[in-house]
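# A structural walkthrough
Residue strings, one per chain:
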Amino acid sequence: MVTVTIHGEEKQYEAGTVYEEIAKAYQAQYDDSIALVIVNGKITELMKPLEKDCTLEFITLKNSAGHKAYVRTAVMLLIKALYDVEPRENIERIKVEFAIGQGYYCSLRGKVRVDETLIERLNVRMQQLVMAELPVVKKTYPIEEALELFDRYGMEDKKKLFRYRRSSTVNVYRMGDYYDYYYGYMLPSAGYVKYFQVISYEGGLMLLLPDRKAPKTLDYFVPRDKLFHTLQQSTVWGEMMDIDTVGDLNDQICSGGISELILVQEALQERRIGEIAQDIVSRGGVKFVMIAGPSSSGKTTFSHRLCVQLRSCGMKPHPIAVDDYFIDRELTPKDEKGNYNFECLEAIDVAKFNEDMNALLDGKTVELPTFNFKTGKREYKGNIKKLGKGDILVIEGIHSLNDKMSFSLPGKSKYKIYISALTSLNIDEHNRIPTTDGRLLRRMVRDARTRGTSAKRTLAMWQSVRRGEEENIFPFQESADATFNSVLIYELAVLKQFAEPLLFSIMPGEPEYYEAKRLLKFLEYFLGVSSEDLPKNSIVREFVGGSVFNV
């Protein structure tokens with residue numbers, strides 16, 4: 001017998017009992033389904049057997065790790081069901097491309113026709129597998145056997161990925177007769193994926209899943225066409241350079257083609273910035289370029305490069321930071337924890353901002369403020385502005401896309417740009433890289449370099465940062481006149497060298513350890529690339545250093 005401590009109480013179980021059986025006995029004490037278990041401080045899947053005396057804690061679907069396990073298992077369920085309803089020879093490829101809200105877009109290649117008949121058959125088959133509680137079976141293979149398995153099923157992307165894996169073994173998951181590799185923890189059976197819906201969208205499949213905050217609620221899908229087409233454009237850019245997955249990128253690095261890849265990617269971004277500048281100028285009457293995006297999107301470098309492009313079009317751009325219109329610190333609203341909420345619209349002197357911008361629009365001379373972050377006060381230091389015929393203000397701030405921020409400015413005088421780091425590179429065809437992971441690594445590297453902030457502190461703050469983005473930025477992204485994706489397909493290979501030492505500084509037992517360990521495992525897939533060959537105006541320079549701009 002094995003002694004197990006749960007909620008401070010000791011109980012006896014037979015060795016070999018799977019954790020799922022233990023979790024079932026405690027499920028009634030939790031509002032949401034138990035997804036994973038922490039065994040002596042280590043996250044473990046429920047299908048694993050009990051081996052020795054231990055202390056257990058349960059992780060539900062409301063936890064980030066639990067929700068990620070739900071998404072992976074749902075993706076495996078979808079692909080298994082697709083192979084059940086369509087002959088395998090008709091499916092050349094199914095790729096999990098990117099997330100839009102709570103939907104996960106999957107593209108299909110082959111003789112499969114995405115129509116309502118296929119959608120209905122898929123949903124029915126997935127429900128059947130859920131009702132049958134089809135087990136997810138995990139098996140560890142020696143790398144050579146895993147490669148043979150991937151070859152047997154035509155998984156060239158996985159064969160390429162594991163060419164660069166240092167480990168001698170690979171964990172492979174099986175659902176019925178379907179085998180696959182998944183990066184991260186999985187749920188023990190299809191029966192855990194109770195809430196889902198598959199719909200057709202833009203020629204592919206959209207797998208709708210619950211939000212982590214409400215794991216029993218499936219919301220209606222809200223299309224975000226501008227975001228979708230920006231992500232799709234990035235995918236096309238990657239395919240144009242024959243880079244679809246991390247394995248492709250590693251091949252390029254090994255072949256000595258990384259320098260050319262960097263130059264081509266930077267050129268594609270510069271071309272896009274130039275297109276946005278041309279659109280601004282061609283509209284006529286635009287005096288305010290409003291830029292907003294989530295944390296670590298590269299807004300500062302983008303603003304500088306846009307200004308260069310606007311100058312090349314004969315305009316005279318002047319950068320303005322919305323942060324300079326913060327109200328005095330002691331007047332700033334506080335959040336539910338009693339901390340100053342600098343991200344809400346009420347933290348900005350919206351009336352004064354509109355007064356100054358309208359005065360400039362009327363041709364008046366205005367002294368613009370500067371916010372002193374040390375004293376928490378607004379100051380005036382002789383920053384005088386008057387707009388001439390070719391002058392244009394480039395305004396960067398969290399609320400720039402929110403019309404309440406610029407409520408009194410004529411619509412035709414504004415041009416709104418949404419910028420984000422929208423990762424299109426996949427680990428392999430069935431394992432996408434979350435956009436937030438790339439931004440988190442960017443922020444971690446930048447904050448350690450410029451602010452002396454530890455990786456532990458960055459990870460601890462991240463959920464709060466994300467909440468601010470979800471409230472103040474994402475709801476307005478579709479209102480933008482232009483969307484810009486700041487991700488460079490090679491950048492994670494560069495960030496790896498800077499991020500790994502920071503993540504290794506987080507010790508076991510610290511609350512951020514699990515996330516640090518996850519990110520370290522993720523970075524193992526990439527071969528490293530030096531930052532020496534990066535152009536001085538690259539957006540990546542904003543994070544790793546060496547930029548020509550003051551960032």
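Read on for an overview of the structure. (Residues numbered from 1 in each chain as written. Predicted model: local features only at pLDDT ≥ 70, side-chain atom pairs only at ≥ 80, totals over all residues. Heavy atoms only, no water.)

What the protein chain contains, in helices and strands, is 15 helices and 21 strands. Each of the three principal axes of the protein chain carries a C-alpha extent, and together these read 80 × 55 × 45 Å. Within the protein chain, the proportion of its 551 residues that are buried is 55%. Put simply, 73% of the contacts in the protein chain that link residues at least 6 apart link residues at least 24 apart. Looking at the protein chain as shown, the accessible area adds up to about 24,200 Å², and 49% of this sits on carbon and sulfur atoms. Here the protein chain contributes 74 positively and 77 negatively charged side chains, and the mean placements of these two sets differ by 4 Å. (Helix = DSSP H or I, 4+ residues; strand = E, 2+ residues; numbered from the N terminus. Buried < 20%, exposed > 50% of the residue type's maximum accessible area, 1.4 Å probe, protein only. Contact = heavy atoms within 4.5 Å. Areas by Shrake-Rupley, 256 points an atom, 1.4 Å probe, with all protein chains shown as cover. Lys, Arg positive; Asp, Glu negative; His and termini not counted. Charge placed at Lys NZ, Arg CZ, Asp CG, Glu CD.)

Before going further, it helps to spend a moment on the packing of helix α11 (residues 435-450) against helix α14 (residues 513-523). One can describe the packing of α11 onto α14 by two numbers: an axis separation of 12 Å at closest approach and a directional angle of 105 degrees. Looking at the two axes, α11 sits roughly perpendicular to α14. On the side of α11, the interface is formed by Asp 437, Leu 440, Leu 441 and Met 444, while α14 contributes Glu 515, Arg 518, Leu 519, Phe 522 and Leu 523. Split into classes, the residues belonging to the contact of α11 with α14 amount to six nonpolar, no polar and three charged. (Axes fitted to C-alpha atoms, helices over the stretch in contact; angles between N-to-C directions. Parallel < 35°, antiparallel > 145°, perpendicular 65-115°, else oblique. Nonpolar A, V, L, I, M, F, W, Y, C, P; charged D, E, K, R; others polar.)

We now examine the packing of helix α6 (residues 225-240) against helix α8 (residues 258-283). Interhelical geometry of α6 versus α8 gives an angle of 145 degrees and a closest axis separation of 11 Å. Along this stretch, α6 crosses α8, giving a crossing that reads as right-handed. On α8, the residues touching Gln 233, Trp 237 and Met 240 of α6 are Gln 265, Leu 268, Gln 269, Arg 271 and Arg 272. Grouping the amino acids of the contact of α6 with α8 by side-chain chemistry returns three nonpolar, three polar and two charged. (Left-handed = near helix turned anticlockwise from the far one by under 90°.)

Taken together, the side chains of Lys 42, Lys 48, Lys 517 and Lys 521 present a region of like positive charge at the surface. Position of Lys 48 among the secondary structure elements: in the loop between β4 (42-45) and β5 (54-60). When its relative accessible area of 39% is taken as the criterion, Lys 48 is described as partly exposed. (Patch = residues over 30% accessible without salt bridge, like charges linked within 9 Å, V, L, I, M, F, W, Y side chains within 5 Å. Salt bridge = Lys/Arg side-chain N within 4 Å of Asp/Glu carboxyl O.)

Across all of its chains, the model carries 23 aromatic pairs by this definition. Centroid distance Tyr 30 to Phe 58: 6.1 Å. Interplanar angle 85 degrees. Geometry classified as edge-to-face. With Tyr 30 in the loop between α1 (19-26) and β3 (34-39) and Phe 58 in strand β5, this residue pair connects regions lying 28 residues apart in the sequence. Members of the aromatic cluster, joined through ring pairs, are Phe 98, Tyr 105, Tyr 201, Phe 221 and Phe 228. One Lys or Arg, Lys 334, reaches over the ring of Tyr 340 and ends 5.2 Å from the middle of that ring. (Phe/Tyr/Trp six-rings, centres within 6.5 Å; stacked < 30°, edge-to-face > 60°. Lys NZ or Arg CZ within 6 Å of the ring centre and 35° of its normal.)

This part takes up empty space enclosed by the protein. Evaluated as defined, the whole model comprises four cavities of 30 Å³ or more. For the largest cavity, the calculated volume is near 150 Å³. Surrounding the largest cavity, 14 residues form its lining, Thr 423, Ser 424, Val 487, Leu 488 and Ile 489 being those nearest its centre. Here the element with the most residues in the lining of the largest cavity is α6; it accounts for three residues. Reported here for the second largest cavity is a volume of approximately 40 Å³. Lining the second largest cavity are Lys 95, Ser 234, Thr 235, Gly 238, Glu 239, Ile 243, Asp 244, Ser 424, Leu 425 and Ile 489. Broken down by element, the residue count for the lining of the second largest cavity peaks at four residues, all from α6. Residue composition of the lining of the second largest cavity, grouped by class: three nonpolar, four polar and three charged. (1 Å grid on protein atoms, 1.4 Å probe; cavity = no way out; pocket = protein on both sides within 12 Å on 5 of 7 lines; lining within 4 Å. Points joined across faces, edges and corners; volume = space filled by probe spheres on them.)

Let's shift gears to the sheet that holds strand β17 (residues 391-396). Reading across from one edge, β14-β17-β13-β18-β21 is the order of the five strands in this open sheet, with parallel pairing throughout. The two strands at the open ends of the sheet, each matched to only one other strand, are β14 (316-321) and β21 (482-485). The mean angle between the axes of side-by-side strands here comes to 25 degrees, regardless of whether they run parallel or antiparallel. Looking at chain direction, strand β13 (residues 288-292) and strand β18 (residues 414-420) are connected through five bridges and run parallel. (Pairing = 2+ DSSP bridges.)

What follows concerns the side chain of Asn 250. One can find Asn 250 in helix α7 (residues 246-254). Here Tyr 525 takes part through its backbone oxygen, which lies 2.8 Å from a polar atom of the side chain of Asn 250. Not counting the four nearest positions on each side in its chain, Asn 250 is found in contact with Tyr 164, Tyr 525, Phe 526 and Leu 527. (Polar contact = N/O pair within 3.5 Å; in protein donor to acceptor, adjacent residues only side chain to side chain.)

The next thing to look at is the environment of Leu 331. Within the element layout of this structure, Leu 331 appears in the loop between β14 and α10 (350-361). Residues Leu 331 and Gly 376, 45 residues apart in the sequence, show an inter-C-alpha distance of 9.9 Å.

Turning our eyes to something else, we now look at the nonpolar core. Judged by nonpolar contacts, the single largest core of 120 residues is most densely connected at Leu 207, Leu 249, Tyr 490 and Leu 503. The element contributing the most residues to this core is helix α2 (residues 64-85), with 14 residues. Beyond its immediate sequence surroundings of up to four residues, Leu 207 is in contact with Ala 74, Val 75, Leu 78, Gln 102, Gly 103, Tyr 104, Met 126, Phe 196, Gln 197 and Val 198. (Core = buried A, V, L, I, M, F, W, Y, C linked by side-chain atoms within 4.5 Å.)

Right, let's get into the pairing of strand β12 (residues 204-208). Burial within β12 is extensive, with five of its five residues counted as buried. Examined bridge by bridge, strand β7 (residues 103-110) and β12 share four bridges and lie antiparallel to one another. Each residue of the ladder has a partner; that of Tyr 104, found in β12, is Leu 207. Adjacent in sequence and paired antiparallel, strand β11 (residues 197-201) and β12 are bridged by two residues, among which Glu 202 carries a positive phi angle near 50 degrees.

Mapping Thr 332 onto the fold places it in the loop between β14 and α10. A relative accessible area of 5% places Thr 332 in the buried class. Setting aside residues no more than four positions away along its own chain, Thr 332 makes contact with Ile 327, Tyr 340, Asn 341, Phe 342 and Ala 347.

Between its first and last C-alpha, helix α13 (residues 491-504) extends 20 Å over 14 residues, near the 20 Å set by a 1.5 Å rise per residue. When the local axis directions of α13 are compared, the greatest deviation, roughly 40 degrees, occurs at Gln 497, which is followed within four positions by the proline Pro 501. By the burial criterion, the buried members of α13 are Glu 491, Leu 492, Ala 493, Val 494, Leu 495, Lys 496, Ala 499 and Leu 503. Elements in contact with the buried residues of α13: α7, α11, α12 (455-472), α14 and α15 (541-544). (Expected span 1.5 Å × (residues − 1). Bend = angle between axes of the 7 residues up to and from the residue.)

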